[in-house]
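Listed here are the chains, written in short residue letters.
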Amino acid sequence: MNDNLFEIEKNQNKNWNLFFLSFSILDKKQIVLINYSEKNCCSWAIEYTFKRALYDGRDDIFITQVKNKGEWINTHTFFKKELTYTLLELSIK
């Protein structure tokens, strides 16, 4: 995928789901938790031991975090409208 295809899908598909795209980019062997809630505006979290990717479907915000001394700290925060495929890929790897 590239930024242009990502933009088309993001803007034209009402059922656009960042979860499946993010999941396809991540290393599945290292995942320790997956939480997906269709009831919660399709919000989700994919978690590793020391990092995670989150999507707040209600506010259309994508967040990546790292764990430091037991606390989750935001590393990247993007509103859906400003998120590109390149930013997504760089922020979750």
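Quick note: structure is the one above.
As the structure is a prediction and not an experimental result, all values here were calculated from the model. Along each chain, residues carry numbers from 1 onward, in the same order as the chain's sequence is written. Only residues with pLDDT of 70 or above have their local features reported here, since the model is predicted, and side-chain atom pairs are shown and tallied only from 80 upward, although totals for entire chains, interfaces and linings are computed over all residues. Only hydrogens and water are set aside when side-chain values are computed; all heavy atoms of the structure are taken into account.

K.L.:
I'd like to hear about the packing of aromatic side chains, residue by residue, with values.
P.N.:
Centres within 6.5 Å make a pair out of two Phe, Tyr or Trp rings, where for Trp the six-membered ring is used; the pair is then stacked when the planes are under 30 degrees apart, edge-to-face when over 60, and tilted otherwise. Under the definition given, this model contains three aromatic pairs. Relative to Y55, the ring of W44 lies with its centre 6.2 Å away and its plane at 25°, an arrangement referred to as stacked. Pair noted here: W44 is in strand β2 (residues 43-47) and Y55 is in strand β3 (residues 51-56), with a separation of 11 residues, a long-range link. Judged by relative accessible area, which is 8%, Y55 ranks as buried. Plain terms: the ring middles of W44 and F62 are 6.2 Å apart, the flat faces sit at 50° to each other, and that makes the pair tilted. On the criterion of sequence distance, the pair formed by W44 in strand β2 and F62 in strand β4 (residues 61-68) is long-range, its members being 18 residues apart. Burial here depends on accessible area, computed with a 1.4 Å probe over protein chains only, as a share of the maximum for the residue type. Under 20% is buried, over 50% is exposed, and the range in between is partly exposed. A residue is classified by how much of its surface remains accessible, and W44, at 3% relative accessible area, is buried. Three or more aromatic residues link up through ring pairs in this structure, and these residues are W44, Y55 and F62. Going along the chain from the N terminus, every DSSP run of H or I of four or more residues is numbered as a helix, and every run of E of two or more is numbered as a strand.

K.L.:
Can you break down the sheet that holds β2 residue by residue, with the values?
P.N.:
Strand pairing follows a simple DSSP-based rule, namely that at least 2 bridges must link the two strands. Sheet architecture is open: five strands sit in the order β1-β2-β3-β4-β5, paired in antiparallel fashion. Both outer strands of the open sheet, β1 (33-37) and β5 (71-79), are each paired with one neighbouring strand and no more. Here the strands of the sheet are splayed against their neighbours by 15° on average, with no regard to which way each runs. Summarising the sheet, β3 and β4 pair through six bridges and their orientation is antiparallel. Its bridge partner lying in β4, R52 is registered against Q65. Sheet strands in contact with helix α2 (residues 18-25) are β1, β2, β3 and β4, and its direction is about 10° off that of β2. The contact criterion used is simple: two residues touch if any of their non-hydrogen atoms lie within 4.5 Å. Note on definitions: angles span 0 to 180 degrees between N-to-C directions of axes, and those axes are lines fitted to C-alpha atoms, for helices only across the stretch in contact. Packing against the sheet, helix α3 (residues 85-92) makes contact with β3, β4 and β5, and its axis sits at approximately 15° to β4.

K.L.:
Which residues make up the pattern of salt bridges, and what values go with them?
P.N.:
Think of a salt bridge as a Lys or Arg side-chain nitrogen and an Asp or Glu carboxyl oxygen that are within 4 Å of each other. Applying the stated criterion to the full structure yields three salt bridges. As a salt-bridge pair, K10 and E7 come within 2.9 Å of each other at their nearest N and O atoms. Taken together, the residues span about one helical turn, with K10 and E7 both in helix α1 (residues 3-12) at a distance of three residues. One salt bridge connects R58 with D59, and the closest N-O pair in it is separated by 3.1 Å. Using a relative accessible area of 61% as the deciding quantity, one classes R58 as exposed.

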